[in-house]
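Chain by chain, the residues:
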Amino acid sequence: MTTIADGPHAADNPLAGIGAMPEILATYRADGHVTVPGVFSPARMDGAIADAIGWGEEALAAMPPEKRAWYAENAGAVTVLRKLDNPHKFRPFFTEIAKDPALVALVEGLIGRGVTVYFSQIFFKPPHGGGPKPAHQDNYYFGASDPDGLVTAWVAMEDADEENGCLRYGHATHKGPILPHTAPEGRPFDLQLSDADVAAMDMRPAPVPKGGVSFHHGGTVHRSADNQSDRWRRACAFHYVRNDVVFENPALPYDHSIKLVVTTA
Ligand SMILES: O=C(O)CCC(=O)C(=O)O
């Protein structure tokens, strides 16, 4: 089932010019997240944005009203997409990004060899829109059997900063428990932590330059604010799981038929 014939292990050094894995891993283990700039070129991210825009237009035109409530939002006079699910499955451009040797080498350096993408999401945060994403822990959603076996790679398709709503992480919260989440009335997928729990955390912004990747541990609390700038903030999050990990106690159903086995150990 390996989709990269020889996996990233065969490449000479996919991280040449990007970073040193021991330091990246040390930061990830200490803080629960780490930002690695320059994983993708700006030109490749321009291609990703163009592909996401094309897909978004098709998807929005075909979307039934009941789905719009979750996937779309109003930005001024127009309706724009808030997110789209599973580009790793439905868009070859994003499948290639998910299998990129440098990205996969980083993922395997963080959680171990042999990894699969189970879910992915493009987040579109339009200028002066893009409502906040409430604080949550990915491991609450997935219920991974090994909490250290899931990492999210958040690929910045354009510069993300505090003004346009970059992620904010609860510092070192991956060392604590998975906390209770609840969903607001009518939004069952919007599972989130209580304000009281988040108030006690040291939430720190994680700006990411275009083409950089912010990796977060499945237990790390994170959220994003609305976009208060004139710029977009588009990003793609790939949720990678080590192949021996199972979803013991997922909060939502996951469609295992859409998984992308990227490497085998
Ligand atoms: O991009 C965002 O605003 C939310 C991202 C997120 O929740 C994730 O990557 O797990």
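Residues numbered from 1 in each chain as written. Predicted model: local features only at pLDDT ≥ 70, side-chain atom pairs only at ≥ 80, totals over all residues.

Asks: Quick rundown of unusual backbone geometry? Include the residues and the values.
Replies: Its identity as a non-glycine residue notwithstanding, H128 has a phi of 50°, on the positive side. Mapped onto the elements of the fold, H128 is located in the loop between β5 (115-125) and β6 (133-136). Residue class for H128 comes out partly exposed when judged on the 14 C-beta atoms lying within 10 Å of it. Located in the positive-phi region is A172, a residue other than glycine, with phi close to 60°. Following the sequence through the fold, A172 ends up in the loop between β8 (167-170) and α8 (195-199). Judged by local crowding, A172 falls into the partly exposed class, with 19 C-beta atoms found within 10 Å. (Helix = DSSP H or I, 4+ residues; strand = E, 2+ residues; numbered from the N terminus. Buried ≥ 20, exposed ≤ 12 C-beta atoms within 10 Å, placed from the backbone.)

Asks: Which residues make up the environment of L60, and what values go with them?
Replies: Assignment of secondary structure puts L60 in helix α2 (residues 42-62). Considered as a pair, L60 and E163 are 103 residues apart in the sequence and their alpha carbons are 27 Å apart. Beyond its immediate stretch of four places on either side in the chain, L60 contacts A72 and L81. (Contact = placed C-beta atoms within 7 Å.)

Asks: I'd love a proper account of the nonpolar core, names of residues and values included.
Replies: Counting residues in hydrophobic clusters, the biggest one holds 61 residues, and the most contacted among them are V107, A153 and V155. Among the elements that take part in this core, helix α6 (residues 101-111) stands out by supplying 8 residues, more than any other. If sequence neighbours within four positions are ignored, A153 has contacts with L103, V107, V213, F215, F238 and Y240. (Core = buried A, V, L, I, M, F, W, Y, C linked by C-beta atoms within 7 Å.)

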